[in-house]
Amino acid sequence: MKQFITLGLIVAVGLTACDSGKSKKAEEEVLAQATREELATAVADRDQLLSLVNEINQGMDQIKQLENILTVSNNIPGETTTQREQIQSDIAAIQKALQGRREKLAELENKLANSNQNNNTLRKTITSLRAQIDSQTAEIASLRDNLGQAKERIGQLDAVVDSLNTTVSSVTDERNIAQEESVNLANELNTCYYAIGSKAELKDRHIIETGFLRKTKLLKGDFDQTFFTTADKRTLSRIALHSKKAEIMTNQPEGSYVIDDDNGQKILVITNPDAFWSLSNYLVIKID
């Protein structure tokens, strides 16, 4: 009988020991699973934080690039409205991105505060990132102010340019008028007239007047102006007379011209234009 009791106790003790071993193993598995979940969460938070660090660094690069563009554009007189609008659009996009990063950082900070992790490094990193975002936000606000000031300055310069353009246009018009008047005056002063005709033709046109024992008179009374050819003293150097005989009736100075033969036809060559036209702007040539 004692043997049966002893055997029962041994079996009971063995069963109790077996149940205790299973319970401890289950606890270890639960603890390991919790540790794995916490580790996964920590790794995910770390990766998200690293991604946010990269975004903030990229944001700083974008701001620096925008600062350079704004500095260069302020020194370029020919900056267009489209360029300024593009800069404004870029500033707005960076502001929106900064707000998104600020929200992500707040979410990470809240998650870290509600977790069982006590990671001072992550907290310091979050604090540093928040300071960087604040700094970038201030820089973007400064850029927006600078752009506004540049726009105002450009408006003032545009007004000055418009005023100068008006002045230049007025001066240019006055100069063109003066030049045109000068050209017209020069043309008028250098305009000359010549008529070629037989004695009868010249008399019919009242260019010459003759009579018995009376000296020939030139250009007296109402002579026919349409019979004269208009020319420019500066370019008129030869006149073909289409006649075997020719006589200059007006008082052009001797030595200022010659009458040559050209294949049996007379031709007038003006050798000294200034002297030739010094006494009169009219030239009358009688041919037979």
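So, how was this worked out
- Residues numbered from 1 in each chain as written.
- Predicted model: local features only at pLDDT ≥ 70, side-chain atom pairs only at ≥ 80, totals over all residues.
- Heavy atoms only, no water.
- Salt bridge = Lys/Arg side-chain N within 4 Å of Asp/Glu carboxyl O.
- Buried < 20%, exposed > 50% of the residue type's maximum accessible area, 1.4 Å probe, protein only.
- Pairing = 2+ DSSP bridges.
- Helix = DSSP H or I, 4+ residues; strand = E, 2+ residues; numbered from the N terminus.
- Axes fitted to C-alpha atoms, helices over the stretch in contact; angles between N-to-C directions.
- Contact = heavy atoms within 4.5 Å.
- Polar contact = N/O pair within 3.5 Å; in protein donor to acceptor, adjacent residues only side chain to side chain.
- Phe/Tyr/Trp six-rings, centres within 6.5 Å; stacked < 30°, edge-to-face > 60°.

**Q** What is the right way to look at the pattern of salt bridges in this model?
**A** Note on pairing: side chains with opposite charge can pair once their charged atoms come close. Summed over the entire model, instances satisfying the criterion amount to four salt bridges. The salt bridge partner of Asp-232 is Arg-234, with a shortest N-O separation of 2.8 Å. Note on Asp-232: relative accessible area 22%, which makes it partly exposed.

**Q** For this particular structure, what's the right way to read the sheet that holds strand 7 (residues 257-262)?
**A** Hydrogen bonds between backbone groups are what pair the strands of a sheet, and the pairing can be parallel or antiparallel. The strand order across the open sheet built from three strands is 5-8-7, with neighbouring strands paired in antiparallel fashion. Of all the strands in the sheet, the pair left with one neighbour each is strand 5 (238-240) and strand 7. In this sheet, adjacent strand axes meet at a mean angle of 25 degrees when their direction is disregarded. Here strand 5 runs beside strand 8 (residues 265-270); their pairing, made up of three bridges, is antiparallel. Considered in strand 8, the bridge of Arg-238 is made with Val-269.

**Q** Teacher, can you tell me more about the environment of Tyr-282 here?
**A** For Tyr-282, the position within the fold is in strand 9 (residues 282-287). Residues Tyr-282 and Leu-219, 63 residues apart in the sequence, show an inter-C-alpha distance of 9.1 Å. Among all residues touching Tyr-282, those that are not within four sequence positions of it are Tyr-193, Leu-219, Phe-223, Gln-225, Phe-228, Thr-250, Gln-252 and Trp-277. In this structure the side chain of Tyr-282 is engaged in a polar contact, spanning 3.1 Å, whose partner is the side chain of Gln-225.

**Q** Whenever I open this one, the sheet that holds strand 4 (residues 229-232) confuses me. Can you help?
**A** The four strands are arranged 4-1-9-6 in an open sheet whose pairing can be described as mixed. In the strand order of this sheet, the two ends are held by strand 4 and strand 6 (246-248), each with one partner. The mean angle between the axes of side-by-side strands here comes to 30 degrees, regardless of whether they run parallel or antiparallel. Pairing of strand 1 (residues 191-197) with strand 4, which is carried by four bridges, proceeds in the antiparallel orientation. Bridge assignment links Cys-192 to a residue of strand 4, and that residue is Ala-231.

**Q** Just checking my understanding: could you explain the packing of aromatic side chains for this structure?
**A** The relative placement of two aromatic rings is captured by the distance of their centres and the angle of their planes. The final tally for this structure, using the stated rule, is six aromatic pairs. Between Tyr-193 and Tyr-282, the aromatic rings sit 4.9 Å apart at their centres with planes inclined by 20 degrees, giving stacked as the arrangement. Here Tyr-193 is found in strand 1, whereas its partner Tyr-282 is found in strand 9, with 89 residues between them in sequence. Take Tyr-193: its relative accessible area is 22%, and that puts it in the partly exposed class. Ring geometry for Phe-223 and Phe-228: centres 5.8 Å apart, planes at 70 degrees, overall edge-to-face.

Interpretation in functional terms is not warranted from these geometric data alone.
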